[in-house]
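# Report on the structure
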Amino acid sequence: MTLVQLERGRGDPRRTATLEEGMNFAAVLADSRGEGQVLPSPPEWTEPPADLAEKCRRALYEVSDPEFLISLVDLGLIYGISAHERSGEVAVRLTFTATACPCTDFIKWDIRERLLELPEVSEVKVEEVWDPPWTTSRISDRGREILQDAGIAIIG
Amino acid sequence: MTEGRKGYAKPADLPDDVRDHLGSLLIVLADNKRLLGMRYSDWLLGAPALEAGIACSAMAQDEWGHGRILYAMLRDFGYEANQLEHEREASEYRAMELLDAPAGEWPDLLALNLLLDTALSVQFEAMAESRFEPVHYKVSKLLDEERFHFEHGRGWVTRLGGTDAGREALRRSFRPVWEACLRWFGPDGDEAGRALYEAGITDRDAAGLRARWLERVGPVVELARLELAELDGGGSGVWLSRVEPSWDGWDPDVRRAARGGPDAEMLARVRGDKNRPLLMD
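Along each chain, numbering runs from 1 in the same order as the chain's sequence is written. Whichever chain is written first is A, and whichever ligand is written first is 1; the rest continue in order. In view of the model being predicted, local features appear only for residues whose pLDDT reaches at least 70, and side-chain atom pairs are presented and counted only at 80 or more, with totals across whole chains, interfaces and linings using the full set of residues. Hydrogen atoms and water are omitted, and side-chain values are computed over all heavy atoms in the structure.

By the criteria applied, helices consist of DSSP H or I runs no shorter than four residues and strands consist of E runs no shorter than two, each listed in order from the N terminus. Helix and strand content of chain B: nine helices and two strands. Scanning chain B from its N terminus toward the C terminus, one meets helices and strands in the order α-α-α-α-α-α-α-α-β-β-α. Buried residues are those whose accessible area, probed at 1.4 Å on protein chains only, stays under 20% of the maximum for their type, while exposed residues exceed 50% and partly exposed ones sit between those limits. For chain B, buried positions account for 54% of its 281 residues. By the convention used here, residues are in contact when the closest approach between their heavy atoms is within 4.5 Å. A fraction of 77% describes how many contacts in chain B between residues 6 or more apart in sequence connect residues 24 or more apart. Throughout, the Shrake-Rupley method with a 1.4 Å probe supplies accessible areas, and for residues the shown protein chains are the sole cover considered. With the model as given, the accessible surface of chain B reaches about 12200 Å², and the carbon-plus-sulfur share is 51%.

Our focus in this paragraph is the pairing of strand β4 (residues 89-94) of chain A. All names here are of chain A. Residues Val90, Val92 and Leu94 point to one face of β4 and are all buried, whereas Glu89, Ala91 and Arg93, pointing to the other face, are not buried. Paired strands are those between which DSSP finds at least two bridges. Pairing analysis gives five bridges linking strand β3 (residues 78-83) to β4, with the strands arranged antiparallel. Pairing of Ile81 across the sheet is with Val92, part of β4. Counting the residues that bridge the hairpin from β3 to β4 gives five residues, and of these Gly88 lies at a positive phi of roughly 80°. Of the pairings in the sheet, the one linking β4 to strand β5 (residues 123-128) comprises six bridges and is parallel in character. Considered in β5, the bridge of Glu89 is made with Glu123. Of the crossover connections in this fold, the one passing from β4 over helix α4 (residues 104-116) to the parallel β5 is right-handed. For the handedness criterion, the strands are oriented away from the viewer, and a crossover whose path from the first strand over the helix to the second runs clockwise is classed as right-handed.

Moving on, we get to the sheet that holds β3(A). Residues and elements named next belong to chain A. The mixed open sheet is built from three strands, whose spatial order is β3-β4-β5. Each of the sheet's edge strands pairs with one partner strand only, and the pair in question is β3 and β5. Neighbouring strand axes in the sheet, compared pairwise and without regard to direction, differ in orientation by 15° on average. To get an axis, a line is fitted to the C-alpha atoms, and for a helix only the part in contact is used. The angle between two axes follows their N-to-C directions and goes from 0 to 180 degrees. Contacting β3 and β4, helix α2 (residues 52-59) crosses the sheet at an angle of about 140° to β3. Across the sheet, α4 is in contact with β3, β4 and β5; its angle to β5 comes to roughly 150°.

All names here are of chain B. Considering the arrangement of structural elements, one finds Asp117 in helix α4 (residues 106-125). Under the convention used here, Asp and Glu are negative, Lys and Arg are positive, and both His and the chain ends fall outside the count. The rule for a salt bridge is simple: a side-chain nitrogen of Lys or Arg has to be within 4 Å of a carboxyl oxygen of Asp or Glu. Although buried, Asp117 forms no salt bridge, and the nearest oppositely charged side chain, Lys33, lies 4.3 Å from it. A 3.5 Å cut-off defines polar contacts: any pair of N or O atoms within that distance qualifies, except that in protein one atom must be a possible hydrogen donor and the other a possible acceptor, and neighbouring residues in sequence count only when both atoms are side-chain atoms. Polar side-chain contacts of Asp117 include one of 2.7 Å to the side chain of Tyr40. Setting aside anything within four residues of it in sequence, one finds Asp117 in contact with Lys33, Leu36, Tyr40, Glu63, Leu112, Glu146 and His149.

All right, on to empty space enclosed by the protein then. All names here are of chain B. Cavities and pockets are defined on a 1 Å grid built over the protein atoms alone: a cavity is a set of grid points where a 1.4 Å probe fits but cannot escape, while a pocket is an open set with protein on both sides within 12 Å along at least five of seven lines, and lining residues are those with an atom within 4 Å of any such point. Grid points are joined across faces, edges and corners, and a volume is the space filled by probe spheres set on the points. Throughout the structure, instances matching the rule amount to one cavity of 30 Å³ or more. In this structure, the largest cavity is lined by Leu26, Ile69, Leu70, Met73, Phe124, Met127, Val135, Lys138, Val139 and Leu142. The set of elements that each furnish at least two residues to the lining of the largest cavity consists of α2 (50-73) and α5 (133-160). Considering each element in turn, the lining of the largest cavity owes the most residues, four residues, to α5. Each residue gets one of three labels, nonpolar for Ala, Val, Leu, Ile, Met, Phe, Trp, Tyr, Cys and Pro, charged for Asp, Glu, Lys and Arg, and polar for the others, Gly among them. Its residues assigned to classes, the lining of the largest cavity shows nine nonpolar, no polar and one charged.

All right, on to the packing of α5(B) against helix α8 (residues 206-223) of chain B then. Angle between the axes and distance between the axes are the two parameters that describe a pair of packed helices. Residue and element names in this part refer to chain B. Direction vectors running N to C along α5 and α8 enclose 20°, while the axes themselves pass 9 Å from each other. As summarised for this structure, α5 and α8 are arranged roughly parallel, according to the angle between their axes. As α5 runs across α8, the sense of the crossing is right-handed. On the side of α5, the interface is formed by Phe150, Arg154, Val157 and Thr158, while α8 contributes Arg216, Val220 and Leu223. Of the residues belonging to the contact of α5 with α8, the class tally is four nonpolar, one polar and two charged. Orientation is classified from the angle alone, with under 35 degrees giving roughly parallel, over 145 giving roughly antiparallel, 65 to 115 giving roughly perpendicular, and any other angle giving oblique. Here is the rule for handedness: rotate from the far helix to the near one, and if that takes an anticlockwise turn smaller than a right angle the crossing is left-handed, while a clockwise turn gives right-handed.

Side-chain atoms within 4.5 Å link the members of a nonpolar core, which is a set of buried Ala, Val, Leu, Ile, Met, Phe, Trp, Tyr and Cys residues. Counting 115 residues, the largest nonpolar core has A:Ile111, B:Phe174, B:Trp178 and B:Trp213 as its most contacted members. Not counting residues within four places of it along the chain, the set of residues in contact with B:Trp178 comprises B:Leu115, B:Trp213, B:Leu214, B:Val217, B:Val221, B:Leu228, B:Ala229, B:Ser241 and B:Val243.

Below, the discussion takes up the environment of B:Gly162. Within the secondary structure, B:Gly162 is located in the loop between α5 and α6 (164-184). Taking the C-alpha atoms as reference, B:Gly162 lies 6.6 Å from B:Ala224; in sequence the two are 62 residues apart.

With that settled, consider the pattern of salt bridges. The final tally for this structure, using the stated rule, is 32 salt bridges over all chains. The partner of B:Asp31 in a salt bridge is B:Arg88, and the shortest N-O contact between them spans 2.7 Å. With B:Asp31 in helix α1 (residues 16-41) and B:Arg88 in the loop between α3 (81-86) and α4, the pair connects residues that are 57 residues apart, well separated along the chain. By relative accessible area, which is 3% here, B:Arg88 ends up buried. The network of salt bridges with shared partners includes A:Glu54, A:Arg57 and A:Arg58.

Written out as structure tokens, the structure reads:
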């Protein structure tokens, strides 16, 4: 049986995934990432974004949480964005709903992919933060409405 | 953070001895979290109630989530996170000796849930205002999640303690765990505990941590009439243990009273041996 090796940098064998040929890893991953999921439209903006950080924040309304049908911004996971206008380097401060969140890598990947679609962005760094702890009180009113329409009531 | 005192942003900023003690403590905590998660996971099915199994599932995941954060922090202490998580031998693990073997009966698991898990939380609580910022900024999330673990343990112990048979089972299971947890904080005057306290990394030394643990678990074991703790008769509000721990074989470096570690099967699961080919960044 042929094996496909996916190198994940630095040539360290521990960082090498070995998969059976025919196993469509990309498809599995894409599915796990929630591609195809219909995310509610982002808010309608009346003003253009004031700066690159704001432009990035707006873009993240198009990145869904893998478990809830709302954006990372509406879920309250984005704790801050800083952006260097000239170099295009962007830093995102991100938290998760739980320390055992099973989707941390997917979420970070989705953020990077979406922001790198912006022509002004050259590099994205995602910093994991836990303070202050996330609670449901961080879900936006818009997020609550969307969840409520989907039959999910948020307490707190 | 401790008001008026400078914070430490990274391990390199710490005095050498404090850095060594803190790095060692974080490994101890990470290993305990990893092994305790395994013990909770043993009860995902087969607990006395379906709800208890679901709770064990959630608690197991929490412990592994906490372990993941702790192992990642150790990178900055010069440890190789992959090696720590995936390549150590059983004897290198620094989890409490109680976690070497599965909890045989449900009351054994409850002893780990109420006593051991709370001991770990007390150690984290002592770092809530730590001058070491990477810990300080993570502790409140961990403790938020741990509140439910304590409530689960307290609920079950109170319930079982209400019957003669349940109380007897709890007494048998709790006694060895009680003694091990008292010991786990280290003897009064423990060098590492004192160094971390004096540097503002923790807000209590070993004796202070043990007293705080007794404050947390004392009222629960007393309510269940397990004869392990009592309130100081002088009206001080201090909880006293009725049991003195033995210090035979105590090794302060690994915070264990006996060398050992998980058995081969458990070691393979803890290290994720079967997943090794799939490890990725």
